[in-house]
Amino acid sequence: MKAKWKILSKSRRKRPPPPASHATKEQLAEFSQIDKKTLHKSSAKPGITALVVDNKHDIAVSGGRDKQIIVYSKEENRVLATIAGVASKEITCVDVSHTEDGKTLIVTGSQDGHVKAYLSPDYQLLGSAMVEDDDEGDAEQKAVVGVSIHPTGTYALATTRKGTVVFLSVSSSEGEGVQKWAVFREKDADDVQYSCSMIHPDGLILGVGTTEGKLKIWDLKTQKLAQTLEGHEGSVTSLCFSENGYHVVSSSSSGEVLVWDLRKGKTIKTLNQKEESDDTSSIGAVCCAAFDPSGRYLAYGGEKGVNITVVKEWNLIALQESGKENENVTGISWGKDAMSLVTCSDKERAMKYWGPPSSSKGDDNEKEVKMEE
């Protein structure tokens, strides 16, 4: 793991600039809805509750209240897999990565407290683990609020509402599957409640948000808290690290989006401020945020749509057709070369694709999606 950290830390500092095919600011300013895909089953309370895009291959992985995972290829307009029976309650989080031999690895977390792993090409279950061992207590506290696949591709990190962090080994070897490797919690913090989490690009620290509005940084080598950052009024709803690993962004139910400098332990920018936002730029409570793969752009979504900002310049580019009351964007992820943005809501079953007009195929919304064979 330390060897992997050295490789990742060194390579990201020497990483070349984005390719010529990467989206420009002018193209981002033209983003509008170019496609909409309704792939999840209907239910009494429909909604997509987890979303991630493998931006190398433009494959979207979504989890819903229907307790299913859908793996969809935008390029092929085809459902690669429908994974049913993932959980007894709604899916809360999902992550995607690749193994050394090029297979797609999906790890999910759910409200019932389980973490499960699936591997392409058939996306069969590799294994599962119950994060909290205690059978007693409030079931809601056992809910998994965040999962991240470690850069090695052989481990995953999961966090629960109760404040537990679990290191899991993930293997396709027979008899191994998903196993707990280490479990740790804060000392003397029985009342702490975690709300989200994400692993750092180098794989040695884990960022965790709390319902009290705090951002906590775990050192995974020592399994101890390295830093606690305070600045939110409401619960932290999401967090994401920049590509270079120097910054982390956290969003909140109270609306503010904070950009933190991890080296200095302080905020360098506050976005979506109520007192500075007018009706056209404020999106209310923010549920999700994501850097594009290059770290040039930041998108965040919430009650009234999505905003995109250019990192360091911090000028806003509001998505067209957004800004509607109660749109409630709860998931957001960038596509390849930042030429598309995928959003979802916990109030509907559809994923929405955003991009410049030139990337629209015109009839994609009506074109029938091919299902897996």
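Placed above this text is the structure.
The rules behind each value
Residues numbered from 1 in each chain as written. Predicted model: local features only at pLDDT ≥ 70, side-chain atom pairs only at ≥ 80, totals over all residues. Heavy atoms only, no water. Helix = DSSP H or I, 4+ residues; strand = E, 2+ residues; numbered from the N terminus. Buried < 20%, exposed > 50% of the residue type's maximum accessible area, 1.4 Å probe, protein only. Contact = heavy atoms within 4.5 Å. Areas by Shrake-Rupley, 256 points an atom, 1.4 Å probe, with all protein chains shown as cover. Core = buried A, V, L, I, M, F, W, Y, C linked by side-chain atoms within 4.5 Å. Phe/Tyr/Trp six-rings, centres within 6.5 Å; stacked < 30°, edge-to-face > 60°. Lys NZ or Arg CZ within 6 Å of the ring centre and 35° of its normal. Salt bridge = Lys/Arg side-chain N within 4 Å of Asp/Glu carboxyl O. Patch = residues over 30% accessible without salt bridge, like charges linked within 9 Å, V, L, I, M, F, W, Y side chains within 5 Å. Lys, Arg positive; Asp, Glu negative; His and termini not counted. Charge placed at Lys NZ, Arg CZ, Asp CG, Glu CD. Pairing = 2+ DSSP bridges. Axes fitted to C-alpha atoms, helices over the stretch in contact; angles between N-to-C directions.

*Asks:* Just checking my understanding: could you explain the overall build of the chain for this structure?
*Replies:* Tallying secondary structure elements over the chain gives two helices and 28 strands in all. For the chain, buried positions account for 55% of its 373 residues. Looking at the chain alone, contacts between residues at least 24 apart form 48% of all its contacts between residues at least 6 apart. On the chain, roughly 16,900 Å² of surface is accessible, and the fraction owed to carbon and sulfur atoms is 44%.

*Asks:* I keep staring at the nonpolar core and nothing clicks. Help me out?
*Replies:* General note: in soluble globular proteins, nonpolar side chains tend to be found buried as a group. Counting residues in each nonpolar core, the largest one holds 19 residues, and the members touching the most others are Leu-28, Ile-308, Trp-334 and Leu-341. At the level of elements, β22 (286-291), β23 (297-302), β24 (305-310) and β26 (329-334) are the ones that each hand at least two residues to this core. Excluding residues within four positions of it along the chain, Ile-308 makes contact with Leu-28, Phe-31, Tyr-297, Leu-298, Ala-299, Asn-315, Leu-316, Ile-317, Leu-319, Trp-334 and Leu-341. Counting residues in each nonpolar core, the second largest holds 17 residues, with Cys-93, Val-115, Ala-129 and Ile-149 among its members.

*Asks:* Can you walk me through the packing of aromatic side chains in this structure?
*Replies:* Two numbers describe a pair of aromatic rings. These are the distance of the centres and the angle of the planes. Counting across every chain of the model gives six aromatic pairs. In this structure, Lys-74 is placed above the aromatic ring of Tyr-353, and the distance from its NZ or CZ to the ring centre is 4.7 Å. Sitting over the face of the ring of Tyr-246, Arg-263 holds its NZ or CZ atom 4.2 Å from the ring centroid.

*Asks:* Any chance you could explain the environment of Arg-161 here in plain terms?
*Replies:* Along the polypeptide, Arg-161 turns up in the loop between β11 (155-160) and β12 (164-171). What makes Arg-161 partly exposed here is its relative accessible area of 22%. Sequence-wise, Arg-161 and Thr-211 are 50 residues apart; in three dimensions their C-alpha atoms are separated by 9.0 Å. In contact with Arg-161, not counting residues within four places along its chain, are Glu-140, Gln-141, Ala-143, Val-145, Val-192, Gln-193, Tyr-194, Ser-195 and Thr-211.

*Asks:* What exactly am I supposed to notice about unusual backbone geometry here?
*Replies:* A cis amide bond links Ser-120 to the next residue, Pro-121, at an omega of 10°. You can see Pro-121 is positioned in the loop between β8 (114-119) and β9 (124-130). The backbone of Tyr-123 sits at a positive phi, close to 55°, despite the residue not being glycine. With respect to the helices and strands, the residue Tyr-123 is situated in the loop between β8 and β9. Of note in this structure, Asp-337 is not a glycine but carries a positive phi near 55°.

*Asks:* Even after reading the chapter, I still don't get the pattern of salt bridges, so can you show me in this structure?
*Replies:* Pairing of side chains with opposite charge becomes possible as their charged atoms draw close. Applying the stated rule across the entire model yields nine salt bridges. Notably, a salt bridge pairs Lys-37 with Asp-35, separated by 3.7 Å at the nearest N-O pair. For the pair Lys-37 and Asp-35, a shared accessibility class is recorded, and that class is buried. Residues Glu-348 and Lys-36 are paired through a salt bridge, measuring 3.7 Å at the closest nitrogen-oxygen approach. A residue pair is termed long-range when its members are at least 10 positions apart, and Glu-348 in the loop between β27 (341-345) and β28 (350-355) and Lys-36 in strand β1 (residues 32-38) qualify at 312 residues. Accessibility expressed as a relative area gives 34% for Lys-36, which makes it partly exposed. Put simply, Asp-35, Lys-37 and Lys-74 are held in one network by salt bridges that share partners.

*Asks:* Would you mind going over a negative patch on the surface with me for this structure?
*Replies:* Residues Asp-188, Asp-190, Asp-191, Glu-212 and Glu-230 make up a contiguous surface patch of negative charge. With respect to the helices and strands, Asp-188 occurs in the loop between β13 (177-185) and β14 (194-199). We classify Asp-188 as exposed; its relative accessible area is 84%.

*Asks:* In this structure, what is going on with the sheet that holds strand β3 (residues 59-64)? I would like to understand it.
*Replies:* Ordered in space as β2-β3-β4-β5, the four strands form an open sheet in which the pairing is antiparallel. Looking along the sheet, the strands with just one partner apiece sit at the ends: β2 (48-54) and β5 (78-83). Direction aside, the axes of adjacent strands within the sheet are offset by 15° on average. By the bridge criterion, six bridges tie β2 to β3 in an arrangement that is antiparallel. Within β3, the residue paired with Ala-50 across the bridge is Gly-63.

*Asks:* Just to check I follow, could you spell out the sheet that holds strand β20 (residues 257-261) for this structure?
*Replies:* Pairing between the strands of a sheet is mediated by backbone hydrogen bonds and can be parallel or antiparallel. Spatial ordering of the open sheet is given by β18-β19-β20-β21, a layout of four strands whose pairing is antiparallel. The outermost strands of the open sheet, each flanked by one partner alone, are β18 (236-241) and β21 (266-271). Adjacent strand axes in the sheet meet at a mean angle of 20° when their direction is disregarded. Here five bridges tie strand β19 (residues 247-252) to β20, and the two strands are oriented antiparallel to one another. Following the sheet pairing, His-247 is matched in β20 by Asp-261.

Don't take any of this as a statement about function, it's just geometry.
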